[in-house]
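Chain by chain, the residues run as shown.
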Amino acid sequence: MAIKTNKGISMDGKRTMTMDEFKQWLKKFDDDKDGRISKEELQSAIYETGGRFGRWKSWRGILSADADGSGFIDENEMTNLVDFADKYLGVRILHV
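A quick note: this is a predicted structure, and the numbers were derived from the prediction, not measured.

Draft legend 1. Local environment of unusual backbone geometry. Positive phi outside glycine occurs at K33, with the angle close to 55°. Structurally, K33 can be placed in the loop between helix 1 (19-27) and strand 2 (36-37). We classify K33 as exposed; its relative accessible area is 62%. Phi is positive for F53, which is not a glycine, with a value near 60°. With respect to the helices and strands, the residue F53 is situated in the loop between helix 2 (39-48) and helix 3 (54-65). Look at F53 and you get exposed, because its relative accessible area is 57%.

Here is the structure:
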């Protein structure tokens, strides 16, 4: 379990967020405001966190989180991105 510091950064250097904060953060990349995250919008999130290989990582994120096969991540599927966020976005989701 990550130890949270007072600045929202864990001891391993990852940004820490609650699940609600993570969902709100993802929604800011929903450029067309349709309530879903596309591969391109997830790619923007990857680049904002300083990530590289955004096309490949966003494809992996959609593949791992898109339970209904729509090609998008909707509100109900955002929880499926927890492992992806930890591995590829440098974001640790705190279970509070």
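Let's pick the thread back up.
Draft legend 2. Quick look at the nonpolar core. Ranked by size, the top nonpolar core spans 22 residues in total, and within it F22, W25, L42, I73 and L89 carry the most contacts. Counting only elements with at least two residues in this core, the list comes to helix 1, helix 2, helix 3, helix 4 (82-89) and strand 4 (91-94). Among the elements that make up this core, the one with the highest residue count is helix 4 (five residues). With residues near it in sequence (within four places) discarded, L42 still touches L26, I37, S58, G61, I62, I73 and F84.

Conventions used here
Sequence order as written defines the numbering, with residues in each chain counted from 1. Only residues with pLDDT of 70 or above have their local features reported here, since the model is predicted, and side-chain atom pairs are shown and tallied only from 80 upward, although totals for entire chains, interfaces and linings are computed over all residues. Water and hydrogen atoms play no part in the side-chain values, which are based on all heavy atoms of the structure. Only DSSP runs of H or I reaching four residues or more are called helices, and only runs of E reaching two or more are called strands; each is numbered from the N terminus. Accessible area is worked out with a 1.4 Å probe on protein chains only. A residue is then buried under 20% of its type maximum, exposed over 50%, and partly exposed in between. Nonpolar core, defined: a set of buried Ala, Val, Leu, Ile, Met, Phe, Trp, Tyr and Cys residues in which side-chain atoms within 4.5 Å join the residues together. Here, two residues are considered to be in contact whenever any of their heavy atoms come within 4.5 Å of each other.

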